[in-house]
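Read off the chains here:
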Amino acid sequence: YNIDVAILGLLDTSCIVPFGGIRNPLRYLVDIGIIEMAGSLVSFTHDLIQQHVYEGIALPQRQNLHFGIGVFLGSKTTFNAAATGPGIYSLEFGIDQMYISESKIDGDFIISERSLLSIATDHINCAGPEFIVDQKQRILFARWNLKVAKELSATSNFRCALHYYKKGIQFIGHDVWIHSNETGDQELCLDLYEGAAAASSATSDLATVEYFVNIVFRNVHFERSLNAWVILIVSLESSGKYAEILEKGVNLLRRLNFDIPASPPSPKEIKDSLVTTLRIASQFRIEHIKTSYHSTGILNQDKRNIHNKNLFKIFDAIVIATYNTSSPYLPLLAFEMMQYSLRNEFYEPEAAIAYAGFGYFNIMLRNDFKSGKYWANVALEMLKQYTISTAARVKWIIHAQIMIWFIPLEDTRRNLLEIAKTSMKLGDFLTEIYAIRLSSRCAFFGGENLSIFSQLNIRNLKNTVKYNTTQGTETAVLDQIMADELRGENSNPFKVFKGLINNEDDLFKRASLTNNTSSMMNVQYRRFFSSFWKGDYDAAESSSKVLLSLRMTNLLLIYFTFYRGLIAFRRYREDHSEDKLRNGFDVIIKIESWLQHSPSLFENKLLLLNAEEQASLPNIDKAKSLYLSSIKSAKDCGRVHEQGLACELMGQFLLTVANDRPQAMIHMKNAHTCYLQWGAFGKAAELAEEHGLDTSSVSPTGKSSKHARDVDIFY
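Residues numbered from 1 in each chain as written. Predicted model: local features only at pLDDT ≥ 70, side-chain atom pairs only at ≥ 80, totals over all residues. Heavy atoms only, no water.

1. Things to note about the packing of helix α12 (residues 226-238) against helix α13 (residues 242-255)
- The contact between α12 and α13 brings their axes to 9 Å, and the two run at 160°. With respect to their mutual orientation, α12 and α13 come out roughly antiparallel. The chirality of how α12 crosses α13 is left-handed. On α13, the residues that touch Trp 229, Leu 232, Ile 233, Leu 236 and Glu 237 of α12 are Tyr 242, Glu 244, Ile 245, Lys 248, Gly 249 and Leu 252.
- Split by residue class, the contact of α12 with α13 holds 7 nonpolar, 1 polar and 3 charged. (Axes fitted to C-alpha atoms, helices over the stretch in contact; angles between N-to-C directions. Helix = DSSP H or I, 4+ residues; strand = E, 2+ residues; numbered from the N terminus. Parallel < 35°, antiparallel > 145°, perpendicular 65-115°, else oblique. Left-handed = near helix turned anticlockwise from the far one by under 90°. Contact = heavy atoms within 4.5 Å. Nonpolar A, V, L, I, M, F, W, Y, C, P; charged D, E, K, R; others polar.)

Structure follows, in structure tokens:
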């Protein structure tokens, strides 16, 4: 145990130390080897010495000493300590004004390592609640523990924070709930129990969360328990218990008088709610947000405002569950919360998630990209000047589901990494995991070297294991399998499950038994993309039929649609099924509508789809021109993997349709070089083996070993 000399100097001014003080004999104790000093810190030279000295003091005397030190140091944490003196109740009305910053003592020392309040609280805790019989004192020391716990939570030190929350609870005792309304201590009880639940949630201890929130549910009115419900739902989310979240969330909102059906809504109910929301939203102007700030104050804390904040926190907590289960409740909930915000003119940052959701569904249900972007910007306007965890979650939704249609993937990846950093600082580990996951996928689909994708994904995998988020771990493992196959490696990511899940089939069976739609979708998504890159179009088609009925992130939707179109044209050339050709045409129409929003993202894809269309008709000259244009477009955008894909498909076209093997082999070799540059060594090896390519002049990095020339020279 270390203590700052400054603390000893402060204790020398008290009446609880022997005559002569503490600091004077320090040098002698150092010389005889009892203690040692490192800078301003003092400690015993050995733990056994400390233990012997400490246990040599009788327990009642030790408790009394801890109590005296704690009371004395605590009395010095008020701004007017000199005037109030060291009385036990000197903090009773100044608890919120206790300072934690550096403090000079007698002009000689500076307390900088720990706050006086933390040290004082530690000593009071060592004395223990059983030593302190006066209830007012116990309530006071519970408040000390609460303040220390809150500060630790603010720095994401949740395990230590939980220790202080529990100590505070020990001081107030369980019986305090009975009289808390009369004594005015209900807020203290709520803060301690909700704080303990939140800290337990941050450490992924669901059982402890349930213990603390259930005590809250039993002792307060439903309206006062909303924050505890939020904590419970967030904790269930980290455990992947989406069905339970959905059930509890819907029941909560129904109890709060929202017009939400007990059973999943029909398409008509969703459409009617959308129409109503559009009508109400048509009266909204973004200036209303700024007006609201001036009239109510940015930090408005009246009871109604707190109630509204909790409503939207509940919605925020169940959004991911409804999304991951492809629940029809998601659009209805988004519309209902949007209507509530507009009707009640509630534009605080907690409401931003409803506006982001409304923007998302304008795109997905109405194909109205302009409105989608507008409402995303409204949500961002609401979040200005805020760094709360709600803001990080909403920004993740906006960049993952809306802005991805309008900006390059590289920018989306950078934005998501910033969101991950912010989430980590705020202790919102779930949003951190979501942001890193999507950022790594942006790296993958954006054509960055697969080693970058693997690094990001492994970082995400470590976080999911650390925070015990089953769903996140499963997804990261599946993503790693996809990267391993392309790279020709086997990192055996299933080892993180320690024998509980040994392969993908085990994972899918478990997801099927628990009806975990999200896990089943992730397995099918992995199978689809891996099968596509292997050229196993039968397997890819099989997975695509399942994926068509599920909701996926827009990043996956974009590439799923693109690859599905390529597969459709390829399969048409094999069996001449008109349905396959029609499916390909439908994808082209969709990509054409997306092109106007982000030409840099969709131009090379549309050109390649058009090339495959002409190859299927067949129109050989036009197909050749379009293939070359797609190759050049992909190169100009820096997407070496799609450049390689276009080269490979052009080579296949020249082999099977145009009957030009020499030219086909040139393009196949170019594709091989691109795949090497992408880091897809496994894919490159398969291509070389399939077509008998001479790769003796190409280094493992994709450059010519003779001339070190980039593949770009071919176009």
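2. Things to note about empty space enclosed by the protein
- Throughout the structure, instances matching the rule amount to 3 cavities of 30 Å³ or more.
- For the largest cavity, the calculated volume is near 210 Å³.
- Along its surface, the largest cavity is lined by 16 residues, and Tyr 323, Asn 324, Arg 437, Arg 441 and Thr 553 are the ones closest to its centre.
- Secondary-structure elements contributing two or more residues to the lining of the largest cavity are α16 (303-324), α22 (429-445), α24 (470-487) and α26 (517-534).
- Grouping the constituent residues of the lining of the largest cavity by class yields 8 nonpolar, 6 polar and 2 charged.
- Looking at the second largest cavity, its volume works out to about 160 Å³. (1 Å grid on protein atoms, 1.4 Å probe; cavity = no way out; pocket = protein on both sides within 12 Å on 5 of 7 lines; lining within 4 Å. Points joined across faces, edges and corners; volume = space filled by probe spheres on them.)

3. Here's the deal with the packing of aromatic side chains
- Under the counting rule described, the total for this entry stands at 45 aromatic pairs.
- Ring geometry for Tyr 193 versus Phe 212: centroids 5.9 Å apart, planes at 65°, classification edge-to-face. Separated by 19 residues along the polypeptide, Tyr 193 in helix α10 (residues 186-202) and Phe 212 in helix α11 (residues 206-219) bring together distant segments of the chain. Grouping residues by exposure puts Tyr 193 and Phe 212 together as buried.
- A centroid spacing of 6.0 Å and a plane angle of 45° characterise the contact between Tyr 355 and Trp 375, whose relative ring orientation is tilted. With Tyr 355 in helix α18 (residues 352-366) and Trp 375 in helix α19 (residues 369-382), this pair connects stretches of sequence that are 20 residues apart. Comparing Tyr 355 with Trp 375, the two get one shared label, buried.
- In this arrangement the basic side chain of Lys 373 is found over the ring face of Phe 406, its NZ or CZ atom lying 4.9 Å from the centre. (Phe/Tyr/Trp six-rings, centres within 6.5 Å; stacked < 30°, edge-to-face > 60°. Buried < 20%, exposed > 50% of the residue type's maximum accessible area, 1.4 Å probe, protein only. Lys NZ or Arg CZ within 6 Å of the ring centre and 35° of its normal.)

4. Description of the sheet that holds strand β2 (residues 35-38)
- The sheet built from 3 strands is open, its strands ordered β1-β3-β2 with antiparallel pairing. The open sheet has two free edges, formed respectively by β1 (3-4) and β2, since each of these has just one partner strand.
- Two strands pair when backbone bridges link them, and β2 and strand β3 (residues 41-44) are joined in this way by 4 bridges, in the antiparallel orientation. Residue pairing for β3: Ala 38 is matched across the bridge by Leu 41. (Pairing = 2+ DSSP bridges.)

5. A word on the pairing of β3
- Judged from the 2 bridges that link them, β1 and β3 form a sheet pairing that is antiparallel. Across the sheet, the residue bridging to Asp 4 is Leu 41, located in β3.
- If you look at the hairpin formed by β2 and β3, you'll find 2 residues sitting between the two strands, and Gly 39 has a positive phi there, around 65°.

Nothing here speaks to function; it is all geometry.
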